[in-house]
Every structure is written in C-alpha cells, then in structure tokens.
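An overview of the molecular structure
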Amino acid sequence: QGIFVLGLPYALLHSGYSGLLLIVLAAALCCYTGKILIACLYEENEVGQLIRVRDTYEDIANACCKKLSPSLGGIVVNVTQVVELIMTCILYLVVSGNLLSHSFPYVPVTEKVWSVIAFVTLLPCLFIRTLKIVSKLSQLCSLVHFVIIFVVITYCLTQMHQWSWAKFRFSLEFEDFLVSVGVIIFSYTSQIFLPTLEGNMKNPEEFRCMLNWTHFFACILKTTFALTAFLTWGEKTKEVITDNLPSFLETLVNLCLLTKALLSYPLPFFAATEIVYSCISKDNHSNYRSPLLALTVRGSFLSLTLLMAMFTPHFALLMGLSGSVTGAAMTFLLPSLFHLKLKWKKLSFLEKCADISVFILGFLCSLAGIACSIKGLLEVFG
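The protein chain carries the name Vesicular inhibitory amino acid transporter in an unreviewed UniProt entry, which gives Chaetops frenatus as its organism.

1. So, a positive patch on the surface
A contiguous patch of positive charge, built from K66, K67, K341 and K345, is present on the exposed surface. Here K67 is to be found in the loop between α3 (57-64) and α4 (72-103). Relative accessible area serves as the criterion here: at 80%, K67 is assigned to the exposed category.

2. Things to note about the nonpolar core
Judged by nonpolar contacts, the single largest core of 103 residues is most densely connected at L93, Y188, F225, Y265, F301 and F338. Here the element with the most residues in this core is helix α9 (residues 207-233); it accounts for 12 residues.

3. Notes on helix α11 (residues 266-281)
With 16 residues, α11 should reach 22 Å at 1.5 Å per residue; the first-to-last C-alpha distance of 21 Å fits that figure. With respect to burial, α11 is a largely interior element, 13 of its 16 residues being buried.

4. A few points about the environment of N254
Mapped onto the fold, N254 is located in helix α10 (residues 247-264). For N254 and K345, which are 91 residues apart along the polypeptide, the C-alpha to C-alpha distance reads 52 Å. In contact with N254, not counting residues within four places along its chain, are L99, H102, S103 and T242.

5. Quick look at the packing of aromatic side chains
Evaluated as defined, the whole model comprises 7 aromatic pairs. On the basis of an interplanar angle of 90° and a centroid distance of 5.9 Å, the ring pair of W213 and F216 is categorised as edge-to-face. With a gap of 3 residues between them, W213 and F216 both fall in helix α9, about one helical turn apart. Judged by its relative accessible area of 44%, F216 is partly exposed. Ring centres 5.6 Å apart and planes at 25° place the aromatic pair W213 and F217 in the stacked group.

6. Focus on the pattern of salt bridges
In total, this model carries 5 salt bridges according to the counting rule given. Salt-bridge contacts for E43 lead to K343; the nearest nitrogen and oxygen are separated by 3.8 Å. With E43 in strand β1 (residues 42-44) and K343 in helix α13 (residues 315-343), this pair connects stretches of sequence that are 300 residues apart. Owing to a relative accessible area of 21%, E43 belongs among the partly exposed residues under this scheme. Measuring nitrogen to oxygen at the nearest pair gives 4.0 Å for the salt bridge that ties E44 to K346. Residue E44 is found in strand β1, and its partner K346 is found in the loop between α13 and α14 (349-380); the two are separated by 302 residues along the sequence. You can call E44 partly exposed: its relative accessible area is 47%. In the salt-bridge network here, residues are joined through shared partners; they are E43, R54 and K343.

7. With respect to the side chain of S115
Summarising the element assignment, S115 is placed in helix α5 (residues 111-121). In contact with S115, not counting residues within four places along its chain, are L93, V94, G97 and L306.

8. Here's the deal with the environment of T259
In this structure, T259 sits in helix α10. Separated by 118 residues in sequence, T259 and C141 have C-alpha atoms that sit 7.6 Å apart. At 3.0 Å, the side chain of T259 forms a polar contact with the backbone oxygen of L255.

Quick notes on the rules
Residues numbered from 1 in each chain as written. Predicted model: local features only at pLDDT ≥ 70, side-chain atom pairs only at ≥ 80, totals over all residues. Heavy atoms only, no water. Patch = residues over 30% accessible without salt bridge, like charges linked within 9 Å, V, L, I, M, F, W, Y side chains within 5 Å. Areas by Shrake-Rupley, 256 points an atom, 1.4 Å probe, with all protein chains shown as cover. Salt bridge = Lys/Arg side-chain N within 4 Å of Asp/Glu carboxyl O. Lys, Arg positive; Asp, Glu negative; His and termini not counted. Charge placed at Lys NZ, Arg CZ, Asp CG, Glu CD. Helix = DSSP H or I, 4+ residues; strand = E, 2+ residues; numbered from the N terminus. Buried < 20%, exposed > 50% of the residue type's maximum accessible area, 1.4 Å probe, protein only. Core = buried A, V, L, I, M, F, W, Y, C linked by side-chain atoms within 4.5 Å. Expected span 1.5 Å × (residues − 1). Contact = heavy atoms within 4.5 Å. Phe/Tyr/Trp six-rings, centres within 6.5 Å; stacked < 30°, edge-to-face > 60°. Polar contact = N/O pair within 3.5 Å; in protein donor to acceptor, adjacent residues only side chain to side chain.

Rendered as structure tokens:
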C-alpha cells in the first residue's frame, strides 16, 4: 500500500470503467508473479520434497544464466534492484520536502531545504542492522496509511449525495490510459522484497496463502478508495487526491503522508544496502562482521539519496523512466522468464501460456512507459 495509492482516483479519471478492471487484474498478476518467483527458490529432491536451494533473486538469476556466465544474471538483477530501490528512496525524500513545503507555506524555506530537514530525521537508518527493526517501522507505516485512507473515505462518504455514475468515462485517450496503467500496476509491486520476506517467515509454507490474502485485501481497499474518491470529485479529481480535500483536512493528511514517507524509507534503503554489502563482503552479511564497512555502505547510500534529491532536475520524469524499465522487469519480465527457464519440464501447457502472456504484457507495459517518459523529458528539455 504505497504512495501510488493516492493517485488511483486520478487513474480512474483517465481510464473509466476499465480502471476498475485493471485494479483487480493487476492484483491477480502481481500475486501470480510473486508465487512463481518464490517457486524458483525451490527444487524437488529424490523423494519429491521441495527443498529451498536458493535464497535471493540473485541466486535465481545466476541459476538461469549459469551456462552463459556464472554471475552475469546476478549482476544484472542486483543492478536493477539497487537502481529501483535507490530511486524509491530518493522519491520519498523529494515527496517529504514537497509535503513539508505545502504543510508550512508561511515558513520562508525552499523545498530542497525541507528535504534536508527530512533527511536529518533519517540518519538513524545508519544503525539499522536487522529486518526485524524494518518490519516494525513498516507496521507503523501501514497504520499511518490506514489513517489516511480512513480520513479520505470518511470525507467522501459525507458527500454521497453528489455521487453520480455518469462521471465515469467510456471513451479513452491512449496516452492518458497508459499513465493510468502505470499508476495501478506499480501500486502493487513488491517482488524485490519477497525472497527475503519468505525466507524470514516462521512458517514459509504459509507464504502462498499470505500472498493471496494480502493482494485480495489490497485490491478491495484500492477499489473502494479509488471509487469513492472519484465519485466525490469526478472531473475535478487531482493527481494526488489529498489536494482535493478541504484545507483543514489537507494539512492533517499531508502530515500523515510525511510520516508515511519517512517510515517507508528504511525498507528500500535496507534492501539496497544489504545487496551491495553482500556483493562486497561475500560473507554472512546479516551478521555484519565488518561494522565499519557496513556503516560506510549505509552512509554512502544515505548521502547519495540526498544529493540526487537535491540536484536531479525533473526527478519525477526520470523516476517514471527508470520505473518503466526496472519495475516492469522485476515484477513481470524476470519472474516469468526465470520460471519458464527453471521449471519448463514440469510446467503444464496452461502454466507455460500464463508465463508467456505475463512476459508479453510486462514487455508492452515497459515499452509504453518508456515511450511516455521519454516524450515527457523531450518536452521539458525543449
């Protein structure tokens, strides 16, 4: 349940009834690719029992590319993961600066300075050493998120008297529809974290059930939120739905969003530094046997996110471009490709068709997103 959720009502504005179908379809597809990705971690032993023989996304990639190069697949996956995770961290800093600027408009401070202030609150991330701490912060983040959703939906329900299904569109503009597809799909993505999450579960055999229920409830919540907000504001729906709220509620929600952004930062930050540290140390990086090296890696990443948040022009467009490549690759392209490669002989005809269809769909989404992002960058740079 990321910040992308706040753009779902705007996505419905440009996708109409098809947007509601897309929210359900995206949940099903992301749930499916999560399952096949985790399936690639396991192999059957002599008696037919499933044994976890791989631990990370990198291990899966290396297994698929071992005939070509023992480490090529892992390098590609690691670079893709780190780029996406770092861009996500930078986005949280940029968003934090923007929210602080809008929450305190009378304070004579620029958005970049507000981003630096937000960055200072994130310095304790230097000392995060385990996923358990990150999970507690993510739990708080989820609670804040539910507060935001509750406030918006409650206000929308008070405006039920002006709801009208006539606000939904049947005609679509192709480019606007592609933007909606991107917002909806990438509000579900979590594949980068799944191998680590499944490996840290007390009962890994419950993973598939957990994935089904989380995507089901996410789909229900997203559909309810997007529908009630769009029916309330219709054609006046803004890109971030909180901008439609009355001023007294907007400030409250913006502060909640700020809290959510800051609490969301540690998860992608921890994941990115773990990947880099494991590549450098080649030891049991979860124990951090070299505290100085671990601190250096985390400090470098913290500094990098701040510098890029401060000095990268048109970051939103660059985020869209990189997200179209890395997001689609990690969510659709690679899971389906790896599953076909590692499990081809054991897959039924329908399973093979499903994987191939997901791959083609992911490729088309990526291509369309890249085209839209490049067009936007060309327009900005004249």
